[in-house]
Amino acid sequence: MADFTLVIGNKNYSSWSLRGWLMVKLAGIDFEEIVVPLDLPETQPTIRKHSPSGRVPVLLHRGLPVWESLAIAEYLNELKPEAGLWPASLAARTHARSISTEMHAGFLDLRTHMPMNIRAAFPGKGMTSAVRADIERITGMWRDTRKRFAGSVPKDSGFLFGAFSAADAMYAPVVTRLRTYGVKVDSDTDAYCKAVLAFPPMQEWIAAAKREPWLIQQYELA
Ligand SMILES: N[C@@H](CCC(=O)N[C@@H](CS)C(=O)NCC(=O)O)C(=O)O
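Criteria and cut-off values
- Residues numbered from 1 in each chain as written.
- Predicted model: local features only at pLDDT ≥ 70, side-chain atom pairs only at ≥ 80, totals over all residues.
- Heavy atoms only, no water.
- Phe/Tyr/Trp six-rings, centres within 6.5 Å; stacked < 30°, edge-to-face > 60°.
- Helix = DSSP H or I, 4+ residues; strand = E, 2+ residues; numbered from the N terminus.
- Pairing = 2+ DSSP bridges.
- Axes fitted to C-alpha atoms, helices over the stretch in contact; angles between N-to-C directions.
- Parallel < 35°, antiparallel > 145°, perpendicular 65-115°, else oblique.
- Contact = heavy atoms within 4.5 Å.
- Nonpolar A, V, L, I, M, F, W, Y, C, P; charged D, E, K, R; others polar.
- Buried < 20%, exposed > 50% of the residue type's maximum accessible area, 1.4 Å probe, protein only.
- Lys, Arg positive; Asp, Glu negative; His and termini not counted.
- Salt bridge = Lys/Arg side-chain N within 4 Å of Asp/Glu carboxyl O.
- Polar contact = N/O pair within 3.5 Å; in protein donor to acceptor, adjacent residues only side chain to side chain.
- Left-handed = near helix turned anticlockwise from the far one by under 90°.
- Domains from an automatic or database assignment.
- Buried area = accessible area lost by both parts, 1.4 Å probe.

## Concerning the packing of aromatic side chains
Now for step 1: Counting across every chain of the model gives 9 aromatic pairs.
Now for step 2: Arranged with centres 6.0 Å apart and planes meeting at 90 degrees, the rings of Trp142 and Tyr171 form a pair that is edge-to-face. Of the two residues, Trp142 is situated in helix H6 (residues 129–149) and Tyr171 in helix H7 (residues 166–180); the sequence distance between them amounts to 29 residues.
Now for step 3: A ring pair is formed by Phe164 and Phe199, whose centres lie 3.9 Å apart and whose planes are at 5 degrees; its orientation type is stacked.

## Here we look at the sheet that holds strand E1 (residues 4–8)
Now for step 1: The strand order E2-E1-E3-E4 describes an open sheet built from 4 strands, whose pairing is mixed. Among the strands making up the open sheet, the edge pair consists of strand E2 (32–35) and strand E4 (64–67). Taken over all neighbouring pairs, the strand axes of this sheet differ in orientation by 20 degrees on average, direction set aside.
Now for step 2: Direction of pairing for E1 relative to strand E3 (residues 58–61): antiparallel, over a ladder of 4 bridges. The partner of Val7 across the bridge, within E3, is Val58.

## A look at the packing of H7 against helix H8 (residues 187–198)
Now for step 1: In the contact formed by H7 and H8, the axes pass within 10 Å of each other and the chain directions differ by 110 degrees. Between H7 and H8, the crossing angle belongs to the class labelled roughly perpendicular. For the pair H7 and H8, the contacting residues are Asp168, Tyr171, Ala172, Val175, Thr176, Leu178 and Arg179 in the first and Thr189, Asp190, Tyr192, Cys193, Lys194, Val196 and Leu197 in the second.
Now for step 2: In terms of residue class, the contact of H7 with H8 is made up of 8 nonpolar, 2 polar and 4 charged.

## Points about the side chain of Glu212
Now for step 1: Residue position: Glu212 is located in the segment after helix H9 (200–211).
Now for step 2: No salt bridge is formed by the buried Glu212; the nearest opposite charge belongs to Arg119, separated by 4.6 Å.
Now for step 3: A polar side-chain atom of Glu212 sits 2.6 Å from the main-chain amide nitrogen of Lys11.

## Some remarks on the packing of helix H1 (residues 15–27) against H7
Now for step 1: Following both chains from N to C, one finds H1 and H7 inclined at 140 degrees, their axes separated by 8 Å at the closest point. On the basis of the axis angle, H1 is oblique to H7. Handedness of the H1/H7 crossing: right-handed. In contact with Ser15, Trp16, Leu18, Arg19, Leu22, Met23 and Leu26 of H1, H7 contributes Ala166, Ala169, Met170, Ala172, Pro173 and Arg177.
Now for step 2: The residue inventory of the contact of H1 with H7, partitioned by class, reads 10 nonpolar, 1 polar and 2 charged.

## Observations regarding the domain arrangement of the chain
How large an interface is tends to be reported as the accessible area lost when its parts come together.
Now for step 1: Under the domain assignment used here, the chain contains domain 1 (4–82 + 211–219) and domain 2 (85–207).
Now for step 2: For domain 1 versus domain 2, the separation of C-alpha centres amounts to 20 Å.
Now for step 3: Across the interface of domain 1 and domain 2, roughly 2700 Å² is buried in total on both sides, 63% from carbon and sulfur atoms.
Now for step 4: Among the residues of domain 1 in contact with domain 2, Asn12, Arg19 and Leu26 are the three that bury the most area, contributing 22% of the side total.
Now for step 5: Glu74 is paired through a salt bridge with Arg97; the nearest N and O atoms lie 2.9 Å apart.
Now for step 6: In this structure, the connection of domain 1 to domain 2 is made through 13 residue pairs in polar contact (both at pLDDT 80 or more).
Now for step 7: Among the elements of the structure, H1 and helix H3 (69–79) are those that each provide at least two residues to the side of domain 1 that touches domain 2.
Now for step 8: If you tally residues by element for the side of domain 1 that touches domain 2, the top one is H1, at 11 residues.

Written as structure tokens, this is what we have:
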């Protein structure tokens with residue numbers, strides 16, 4: 001058994017799993033993956049074998065369960081501070097934690113009306129005025145964050161703080177939603193989305209999502 005195991009849901013549909021998985025990739029550790037398909041009769045008993053909350057992702061480190069995506073980021077950051085899960089400067093790190101927590105706690109309209117479905121294309125579906133407001137807040141925050149912080153690192157690779165961080169992991173499922181639902185965005189947002197989608201671990205996840213056999217009917221809005 002590996003030192004680290006990450007228990008996740010379907011790669012096509014489980015946005016929180018994507019966040020946790022990107023964080024583990026970012027930490028640069030070897031890990032085993034257990035995929036528990038969601039929305040089946042055996043889903044909950046299987047997840048509960050690993051996760052006290054009955055939710056995924058959960059990271060298991062030599063028997064210690066770490067659940068909740070942000071707790072996983074903090075745990076990995078403590079183990080691997082050199083991996084850069086959070087940006088280096090205190091101001092950038094604080095900003096990264098604030099925007100990540102805002103994602104963790106909010107944007108319910110976007111999450112409800114535009115569920116993650118990586119391989120689908122539902123242009124125009126799910127848009128309401130409340131979803132629009134969520135998207136405006138998020139894209140405004142992305143622009144503002146990049147303007148303030150992305151240029152202050154040695155190499156700006158197009159992410160929120162220049163290099164890919166836990167904050168980008170938190171927003172990666174929003175990027176896939178903007179694509180799935182064909183949301184029109186400004187050029188800065190488009191460039192940011194392209195950078196996230198081209199990030200090699202993201203490509204790996206998307207390819208796996210496309211190969212998955214399971215279908216969750218409630219997220220198939222067509
Ligand atoms: N706040 C949690 C959210 C986790 C969550 O809601 N995960 C969903 C899958 S995306 C889940 O485990 N659902 C359980 C189920 O569908 O039975 C986190 O940040 O990790």
